[in-house]
Amino acid sequence: MSDDSGGPGGAGPSGLDFLRAMVEGRVPQPPMGRTLGFALIGVEPGTAVFEGETGEHLYNPMGTVHGGYLATLLDSALGCAVLSRLPAGTAYTTAQLNVHMIRPVTAATRKLRATGTAVHVGRTIGTAEARVVGVADGRLYAHATTTCAISPAR
């Protein structure tokens with residue numbers, strides 16, 4: 001891995017090496033994850049795993065965890081699954097996100113695990129699918145697919 005750990009673009013590391021550095025604590029997790037209480041915990045080629053803790057601070061007016069939390073958790077797992085297959089000097093951005101909420105999440109649900117898997121990663125387009133399950137109960141709470149636009153890093 002290159003000494004440039006500021007991101008996977010330029011002469012720096014591949015997407016997989018960058019994400020592994022994040023899991024190992026050599027590169028900081030994104031601030032958004034700290035704000036929402038989730039983090040990347042594992043990565044392999046084509047797969048990214050995030051875990052997050054639910055709580056009342058994530059509630060919507062209906063008294064359940066806001067769907068945007070699940071969408072963000074899924075988008076992170078999906079995008080990082082694609083990133084894990086990208087070479088150095090390549091970036092991605094989410095172009096399409098399709099999320100299915102299966103059941104309500106509450107503070108009692110506790111920890112959630114989102115696992116994203118790359119389905120196709122080409123020169124200009126990447127696709128992936130992901131699932132969010134409860135760590136304690138193993139139940140499916142949401143699933144999603146994405147299409148990512150791939151381009152040279154800026």
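Keep in mind that what you see is a predicted model, and the values were worked out from it rather than measured.

Visitor: Teacher, can you tell me more about the nonpolar core here?
Guide: Burial of nonpolar side chains together is a common tendency in soluble globular proteins. Leu19, Phe50, Tyr69, Leu73, Leu74, Leu112 and Val132 are the most contacted members of the largest nonpolar core, which has 36 residues in total. The leading source of residues in this core is helix H3 (residues 67-83), at nine residues.

Visitor: Could you clarify how one ought to interpret the sheet that holds strand E5 (residues 125-134) in this entry?
Guide: The strands making up a sheet associate through hydrogen bonds between their backbones, and the pairing can be parallel or antiparallel. Across the sheet, which stays open at both edges, the six strands sit in the order E1-E2-E4-E5-E6-E3 with antiparallel pairing between neighbours. A strand with exactly one partner marks an edge of an open sheet, and here the two such strands are strand E1 (38-44) and strand E3 (90-101). Ignoring strand direction, the axes of neighbouring strands in this sheet form an average angle of 20 degrees. The pairing of E3 with strand E6 (residues 140-152) spans 11 bridges and is antiparallel.

Visitor: Can you help me understand the packing of aromatic side chains in this one?
Guide: Applying the stated rule across the entire model yields two aromatic pairs. Aromatic pair Phe38 and Phe50: ring centres 5.9 Å apart, planes at 75 degrees, arrangement edge-to-face. In this pair, Phe38 is assigned in strand E1 and Phe50 in strand E2 (residues 47-53), connecting sequence segments 12 residues apart. The two residues Phe38 and Phe50 agree in class, both being buried. Centroid distance Phe38 to Tyr69: 6.2 Å. Interplanar angle 70 degrees. Geometry classified as edge-to-face. Placement of Phe38 in strand E1 and of Tyr69 in helix H3 is noted, with a sequence separation of 31 residues between them. Of the residues examined, Phe38 reaches a relative accessible area of 6% and is grouped as buried. Connected via pairs of aromatic rings, a cluster forms that spans Phe38, Phe50 and Tyr69. Over the ring of Tyr141 we find Arg103, and its NZ or CZ is 5.9 Å from the ring centre.

Rules and cut-offs
- Residues numbered from 1 in each chain as written.
- Predicted model: local features only at pLDDT ≥ 70, side-chain atom pairs only at ≥ 80, totals over all residues.
- Heavy atoms only, no water.
- Core = buried A, V, L, I, M, F, W, Y, C linked by side-chain atoms within 4.5 Å.
- Buried < 20%, exposed > 50% of the residue type's maximum accessible area, 1.4 Å probe, protein only.
- Helix = DSSP H or I, 4+ residues; strand = E, 2+ residues; numbered from the N terminus.
- Pairing = 2+ DSSP bridges.
- Axes fitted to C-alpha atoms, helices over the stretch in contact; angles between N-to-C directions.
- Phe/Tyr/Trp six-rings, centres within 6.5 Å; stacked < 30°, edge-to-face > 60°.
- Lys NZ or Arg CZ within 6 Å of the ring centre and 35° of its normal.

Just geometry here; none of it tells us what the structure is for.
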